[in-house]
Amino acid sequence: MTNTLGDIRACFEGAVPAIVATCASDGVPNVAYISQVYYVDERHVALSFQFFNKTRQNILANPVATVLLLDPRTAQFHRLGLRFRRTETEGPLFEGMKAQLAGIASHTGMQGVFRLLGADVYEVEAIESLEGEPLAAPPSRAGLLGAVRRAAERLARCTTLDDALDGMLATLREALGVRHAMVLMLDERGERLYTVASIGYATSGVGSEVAVGEGLIGVAARERTPVRIGHVASASLYSHAMRSALEANVPDLAQATEIPYPGLAQPHSQLAVPLLCGGRLRGVLFAESEDDLAFGYEEEDAFVAIAGHLAAAVESMQQHAESADAPPAATSAAAGHVGAPLAVKHFAANDSIFINDSYLIKGVAGAILAKLLRDHLAHGRTEFTNRELRLDRALGLPELSDNLEARLLLLQRRLAEQSPYLRIEKTGRGRFRLVLARPVALASA
């Protein structure tokens, strides 16, 4: 081999379709375009199996192939000699290829045609660089390891989840030049992800939801593997999946309780990385760009390392907040409020909260706010602890749920954006205060 697969990894970004040549058992050759060649490791690549066509028939009869690749940076052609080994129809390799293929399909208008049936894994037996006059390769991006270090050091100095999320996103912007990114956390049932922090968008999108398994973010969460699209991709395929929707038992409130997903209208590059700690999924770190090939495999490696540090920080902070040896929350006299009462309505069916007829939040965060307001109105309380929320069976928190701190942060940020007269502020580890600038009239339905 004159090169290694690592030397030509830019060819696997999917920017230019590859050409594959196979041969039937009777010696008749066949040449076809293939939408995706996927880097597996230094000895293997995978080709997308989408149709039982002539290429597929030939491979099953004669398991050798030649693939022609073009480096989009230098216009250098490379030829691979391959031998078919197996087909995978599930798992991280298959799901990662499926998500990237969906991006290609959305760009070419062939969503109904581009459907991945399997990931055909080939051993690479030869690599040949073809003669020509290629362009000079651009210099490798420097400073990625330094960016990982800055993120790790910044997270190590954070003492709250709020600081950790904002600090990590600031590091992505300052050290990696990422202009649009968000962090989503996994809900208590492990079925949906909800946005808790973002940078670069016209609206924060805090509280918007993505179902596990839907779109780039959902697939990364379900398979617990990074998923990256480095070429032009229309947002239409993912924007529909990346919208919160109410459960079917309250269809009349579905549109009213939807928080718009804040993604770019026309992203050209996207990267979703799962937040994993102790083998458990905590959420997803997502970034996108209006530029082609904004995130290469080296950027993906850096994101994976940063996501690991963030996941560990989230785990530690949420455990500390909930295990804090806080004294019982004291009953405090209600402050003198002025102005017209805030009309707060709580819908028990899905725990959605509306303030002056404007949607605020639903789910666990909505149930928490309803509990805080009831206690305030009944007993004049403003001081609360994470521990008492955990022990309050009326909230219906799962026994093993450990993202209460993230839900409180979500509620805090939604209130800051939507209700200037009502807010939550931290007063210590595992403790917080309900602050009201106007009286509240709470109604339930």
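Reading the values: the criteria
- Residue numbers here run from 1 along each chain, matching the order of that chain's written sequence.
- Confidence filtering applies because this is a predicted model: local features only for residues at pLDDT of at least 70, side-chain atom pairs given and counted only at 80 or more, and all residues used for totals across whole chains, interfaces and linings.
- To get the side-chain values, take all heavy atoms of the structure and skip hydrogens and water.
- Any two strands with at least two DSSP bridges between them are considered paired.
- Here a strand is any run of E in DSSP of at least two residues, a helix any run of H or I of at least four, and the numbering for each starts at the N terminus.
- Lines fitted to C-alpha atoms define the axes, with helix axes restricted to the stretch in contact, and inter-axis angles between N-to-C directions lie between 0 and 180 degrees.
- Any two residues having at least one pair of non-hydrogen atoms within 4.5 Å are treated as being in contact.
- Each residue gets one of three labels from its accessible area relative to the maximum for its type: buried under 20%, exposed over 50%, partly exposed in between, using a 1.4 Å probe on protein chains only.
- Between N or O atoms, a polar contact is any pair within 3.5 Å; within protein, one atom must be a potential hydrogen donor and the other a potential acceptor, and residues adjacent in sequence are included only when both atoms are from side chains.
- Under the pairing criterion, centres of Phe, Tyr and Trp rings, with the six-membered ring standing for Trp, must be within 6.5 Å; the plane angle then separates stacked pairs below 30 degrees from edge-to-face pairs above 60, leaving the rest tilted.
- To sit over a ring, a charge needs its Lys NZ or Arg CZ within 6 Å of the ring centre and within 35 degrees of the ring normal.
- The criterion is simple. A nonpolar core is a set of buried Ala, Val, Leu, Ile, Met, Phe, Trp, Tyr and Cys residues joined through side-chain atoms within 4.5 Å.
- Helices are assigned an expected span. That span is 1.5 Å times one less than the residue count.
- Note: the arc covers the axis-to-C-beta directions of the helix.
- Grid points spaced at 1 Å over the protein atoms alone were grouped into cavities, where a 1.4 Å probe fits but cannot get out, and pockets, open sets with protein on both sides within 12 Å along at least five of seven lines, with lining residues defined by an atom within 4 Å of a point.
- Grid points are joined across faces, edges and corners, and a volume is the space filled by probe spheres set on the points.
- Following the grouping adopted for this structure description, the nonpolar residues are Ala, Val, Leu, Ile, Met, Phe, Trp, Tyr, Cys and Pro, the charged ones are Asp, Glu, Lys and Arg, and the polar ones are all others, Gly among them.
- Note that the term roughly parallel is reserved for angles under 35 degrees, roughly antiparallel for angles over 145, roughly perpendicular for angles of 65 to 115, and oblique for everything else.
- Two helices cross in a left-handed way if the nearer one is turned anticlockwise from the farther one by less than a right angle. They cross in a right-handed way if the turn is clockwise.

**Q** Outline the sheet that holds strand β5 (residues 64-70), supporting the account with residue identities and numerical values.
**A** Overall, antiparallel pairing links the seven strands, which are arranged β2-β1-β5-β6-β7-β4-β3 in an open sheet. Two strands lie at the open edges of the sheet, namely β2 (29-34) and β3 (37-41), each paired on one side alone. Neighbour-to-neighbour, the strand axes of the sheet open up by a mean angle of 35 degrees, direction not taken into account. Along the sheet, helix α1 (residues 54-61) contacts β1 (18-23), β2, β4 (44-49), β5, β6 (77-88) and β7 (118-129); its crossing angle with β1, the most-contacted strand, is approximately 50 degrees.

**Q** Now, about the side chain of His-376: what can you tell me, with residues and values included?
**A** Here His-376 is to be found in helix α8 (residues 363-379). Note on His-376: relative accessible area 6%, which makes it buried. There is a polar contact of 2.9 Å between the side chain of His-376 and the backbone oxygen of Arg-381.

**Q** How would you explain the packing of aromatic side chains if you had to name every residue and give the values?
**A** All chains considered together, the criterion is met by six aromatic pairs. Relative to Phe-303, the ring of Phe-295 lies with its centre 6.0 Å away and its plane at 70 degrees, an arrangement referred to as edge-to-face. When its relative accessible area of 5% is taken as the criterion, Phe-295 is described as buried. Aromatic rings pair up to connect Phe-347, Phe-354 and Tyr-359 into one cluster. The ring of Tyr-39 is capped by Arg-9, whose NZ or CZ atom sits 4.0 Å from the centre of that ring. The ring of Tyr-297 is capped by Arg-9, whose NZ or CZ atom sits 4.0 Å from the centre of that ring.

**Q** Residue-level account of the nonpolar core, with values.
**A** Counting 73 residues, the largest nonpolar core has Met-168, Leu-172, Val-183, Phe-303, Ile-368, Leu-411 and Leu-422 as its most contacted members. At nine residues, helix α7 (residues 297-323) tops the list of elements feeding residues into this core. Dropping the residues within four chain positions of it, Met-168 is found in contact with Leu-155, Val-183, Leu-285, Ile-306 and Leu-310. Among the nonpolar cores identified, the runner-up in size contains 21 residues, and Cys-11, Phe-12, Phe-84 and Val-124 belong to it.

**Q** Could you give an account of the sheet that holds strand β12 (residues 269-277), naming the residues involved and the relevant values?
**A** Here we have six strands laid out as an open sheet, ordered β10-β9-β8-β13-β12-β11, and antiparallel in their pairing. At either end of the open sheet lies a strand with only one pairing partner, and these are β10 (209-211) and β11 (227-229). Strand after strand, the sheet turns through a mean of 25 degrees between neighbouring axes, direction not considered. Contacting β8 (180-186), β9 (192-199), β10, β11, β12 and β13 (280-289), helix α5 (residues 215-223) crosses the sheet at an angle of about 30 degrees to β12. Packing against the sheet, helix α10 (residues 404-418) makes contact with β8 and β9, and its axis sits at approximately 55 degrees to β9.

**Q** Any chance you could break down helix α3 (residues 144-157) for me, citing the residues and the numbers?
**A** Since the α-helix turns once every 3.6 residues, residues separated by three or four places project in the same direction. In a regular helix each residue adds 1.5 Å, so 14 residues correspond to 20 Å; α3 covers 20 Å between its end C-alpha atoms and thus fits that length. Those residues of α3 not exposed but buried are Leu-144, Ala-147, Val-148, Ala-151 and Leu-155. End-on view of α3: buried residues confined to an arc of 100 degrees, all on one side of the axis. Seen from the open side of α3, the exposed residues pointing more than 90 degrees away from its buried face are Leu-145, Arg-149, Ala-156 and Arg-157.

**Q** An account of helix α4 (residues 161-176) is requested, with residue identities and associated values reported.
**A** In a regular helix each residue adds 1.5 Å, so 16 residues correspond to 22 Å; α4 covers 22 Å between its end C-alpha atoms and thus fits that length. Taken together, the buried positions of α4 are Leu-161, Ala-164, Leu-165, Gly-167, Met-168, Leu-169, Ala-170, Thr-171, Leu-172 and Leu-176. Remark: Gly-177 follows α4 within two positions and exhibits a positive phi of approximately 70 degrees.

**Q** For the layout of surface pockets, give the residues involved together with the corresponding values.
**A** Empty pockets left among the atoms are what a rolling probe the size of a water molecule brings to light. Its boundaries defined by the atoms lining it, the second largest pocket holds a volume of some 470 Å³. Around the second largest pocket, the lining is made up of 18 residues, and of these Ala-10, Arg-73, Gly-296, Tyr-297 and Glu-298 lie nearest the centre. Along the lines of polarity and charge, the residues of the lining of the second largest pocket split into eight nonpolar, three polar and seven charged.

**Q** Could you give an account of the environment of Glu-214, with specific residues and numbers?
**A** Here Glu-214 lies in the loop between β10 and α5. Here the alpha-carbon distance between Glu-214 and Ala-99, two residues 115 residues apart in the chain, equals 9.5 Å.

**Q** Any chance you could break down the packing of α3 against α4 for me, citing the residues and the numbers?
**A** Running from N to C, α3 and α4 point in directions that differ by 160 degrees, and their axes come no closer than 9 Å. Relative to α4, the element α3 lies roughly antiparallel. Considering only the axes of α3 and α4, their crossing is right-handed. Side by side, α3 and α4 meet where Leu-144, Ala-147, Arg-150, Ala-151, Arg-154 and Leu-155 of the first sit next to Ala-164, Gly-167, Met-168, Ala-170, Thr-171, Glu-174, Ala-175 and Leu-176 of the second. Looking at the contact of α3 with α4 residue by residue, the classes come out as nine nonpolar, two polar and three charged.

**Q** I'd like a description of unusual backbone geometry, backed by residues and values.
**A** Excluding glycine, residues mostly carry a negative phi; peptide bonds, for their part, are mostly trans. With phi around 65 degrees, Ala-75 is a residue other than glycine that occupies positive phi space. When you line up the elements, Ala-75 lands in the loop between β5 and β6. Assessed through its relative accessible area of 46%, Ala-75 is described here as partly exposed. At Asp-351, a position not held by glycine, the phi torsion is positive, near 60 degrees. Inspection of the secondary structure puts Asp-351 in the loop between β14 (342-347) and β15 (352-355).

**Q** With reference to specific residues and values, describe the environment of Glu-174.
**A** Tracing the backbone shows Glu-174 in helix α4. Residue classification places Glu-174 among the partly exposed positions, given a relative accessible area of 46%. For Glu-174 and Arg-150, which are 24 residues apart along the polypeptide, the C-alpha to C-alpha distance reads 10.0 Å. Engagement of the side chain of Glu-174 in a polar contact is seen with the side chain of Arg-154, the distance being 3.2 Å.

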